[in-house]
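# Topology and contacts: notes
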Amino acid sequence: MHSFGYRANALLTFAVTILAFICAIASFSDNFSNQTPSAQIQILNINWFQKQPHGNDEVSLTLNITADLQSLFTWNTKQVFAFVAAEYETSKNSLNQVSLWDAIIPEKEEANFWIQISNKYRFIDQGHNLRGKDFNLTLHWHVMPKTGKMFADKIVMSGYRLPNAYR
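Below you will find a few notes about this structure. (Residues numbered from 1 in each chain as written. Predicted model: local features only at pLDDT ≥ 70, side-chain atom pairs only at ≥ 80, totals over all residues. Heavy atoms only, no water.)

### Details of the overall build of the chain
Of the regular secondary structure elements, the chain holds one helix and eight strands. Listed by position from the N terminus, the elements making up the chain come as α-β-β-β-β-β-β-β-β. The C-alpha atoms of the chain give 23 Å as radius of gyration, which overshoots the globular expectation for 167 residues (15 Å, by more than 25%). When the backbone C-alpha atoms are referred to their principal axes, the chain occupies close to 85 × 30 × 20 Å. (Helix = DSSP H or I, 4+ residues; strand = E, 2+ residues; numbered from the N terminus. Rg over C-alpha atoms; globule rule 2.2 N^0.38 Å.)

Written out as structure tokens, the structure reads:
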């Protein structure tokens, strides 16, 4: 006859095995969701473009961000982390990324939004490389599931250019 300890161990092992199997199925089911996020970012104003006292360029922008990330939400999505980054090249670095805005979106209902903001974080280049610089604004997102692997993607919007002179 098996003791109470052996029976409890068998029951617990069986329960954890079933739970792991259900988590794997839940994670696998996310592969079949149709994700079609959309976004548009407009620069409404360049508030200032200046050279800091120690030589770095700094830019303040007013942005109009419109995004529909509702398709990223499934029954397995806990939250989505979204951020807008300015991306540009310099002679020193092939890719420079400066985060301008970010948000945690906890629910599907909040994933369709329109906001008008000045950049939340400072847009500073280490040097004086921003005058006349072409750059992209990229909306990045990271989907954090309740169970399974986290994944990330982005939408790149190109065609932005900074002025040739400081303001």
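### Some words on the pairing of strand 2 (residues 57-68)
Within strand 2, ten of the twelve residues are buried, which leaves it mostly tucked inside the rest of the structure. Of the strand pairs in this sheet, strand 2 and strand 6 (residues 123-125) are connected by three bridges, and their pairing is antiparallel. Bridged to Val-59 within strand 6 is Phe-123. Examined bridge by bridge, strand 2 and strand 5 (residues 112-118) share seven bridges and lie antiparallel to one another. Residue pairing in the sheet places Asp-68 in a bridge with Asn-112 of strand 5. (Buried < 20%, exposed > 50% of the residue type's maximum accessible area, 1.4 Å probe, protein only. Pairing = 2+ DSSP bridges.)

### What about the side chain of Thr-90?
Among the secondary structure elements, Thr-90 is positioned in the loop between strand 3 (77-88) and strand 4 (96-105). According to the relative accessible area criterion, Thr-90 is buried, its value standing at 14%. A polar side-chain atom of Thr-90 sits 3.2 Å from a polar atom in the side chain of Asn-96. Not counting chain neighbours up to four residues away, the residues in contact with Thr-90 comprise Asn-96, Asp-125, Asn-129 and Lys-133. (Polar contact = N/O pair within 3.5 Å; in protein donor to acceptor, adjacent residues only side chain to side chain. Contact = heavy atoms within 4.5 Å.)

### Focus: a nonpolar patch on the surface
A cluster of nonpolar side chains, namely Phe-14, Ile-18, Phe-21, Ile-22 and Ile-25, defines an oily patch on the protein surface of about 520 Å² accessible area. Residue classification places Phe-21 among the exposed positions, given a relative accessible area of 55%. (Patch = residues over 30% accessible without salt bridge, like charges linked within 9 Å, V, L, I, M, F, W, Y side chains within 5 Å. Areas by Shrake-Rupley, 256 points an atom, 1.4 Å probe, with all protein chains shown as cover. Salt bridge = Lys/Arg side-chain N within 4 Å of Asp/Glu carboxyl O.)

### Section: empty space enclosed by the protein
Tallied over the full model, the rule gives one cavity of 30 Å³ or more. What the largest cavity holds in volume is close to 40 Å³. Lining the largest cavity are Asp-30, Gln-35, Leu-72, Thr-74, Asn-76, Thr-77, Val-143, Pro-145 and Phe-151. Grouping the amino acids of the lining of the largest cavity by side-chain chemistry returns four nonpolar, four polar and one charged. (1 Å grid on protein atoms, 1.4 Å probe; cavity = no way out; pocket = protein on both sides within 12 Å on 5 of 7 lines; lining within 4 Å. Points joined across faces, edges and corners; volume = space filled by probe spheres on them. Nonpolar A, V, L, I, M, F, W, Y, C, P; charged D, E, K, R; others polar.)

### Observations regarding the pattern of salt bridges
If you walk through the whole model with that rule in mind, you get three salt bridges. In this structure, the salt-bridge partner of Arg-122 is Glu-58, at a minimum N-O distance of 3.1 Å. Of this pair, Arg-122 sits in the loop between strand 5 and strand 6 while Glu-58 sits in strand 2, and the two are 64 residues apart along the sequence. We classify Arg-122 as exposed; its relative accessible area is 53%. Where Asp-102 meets Lys-120, a salt bridge forms, and the shortest distance between an N and an O atom there is 2.7 Å. Of the two residues, Asp-102 is situated in strand 4 and Lys-120 in the loop between strand 5 and strand 6; the sequence distance between them amounts to 18 residues. By relative accessible area, Lys-120 is classed as partly exposed at 49%.

### Digging into the sheet that holds strand 4
On the basis of which strands lie adjacent, the open sheet formed by four strands has the order 4-3-7-8 and antiparallel pairing. The strands lining the two open edges of the sheet, one partner per strand, are strand 4 and strand 8 (151-161). Taken over all neighbouring pairs, the strand axes of this sheet differ in orientation by 20° on average, direction set aside. Pairing between strand 3 and strand 7 (residues 134-145): ten bridges, direction antiparallel. Note on strand 7: the bridge partner recorded for Ala-85 is Thr-138. (Axes fitted to C-alpha atoms, helices over the stretch in contact; angles between N-to-C directions.)

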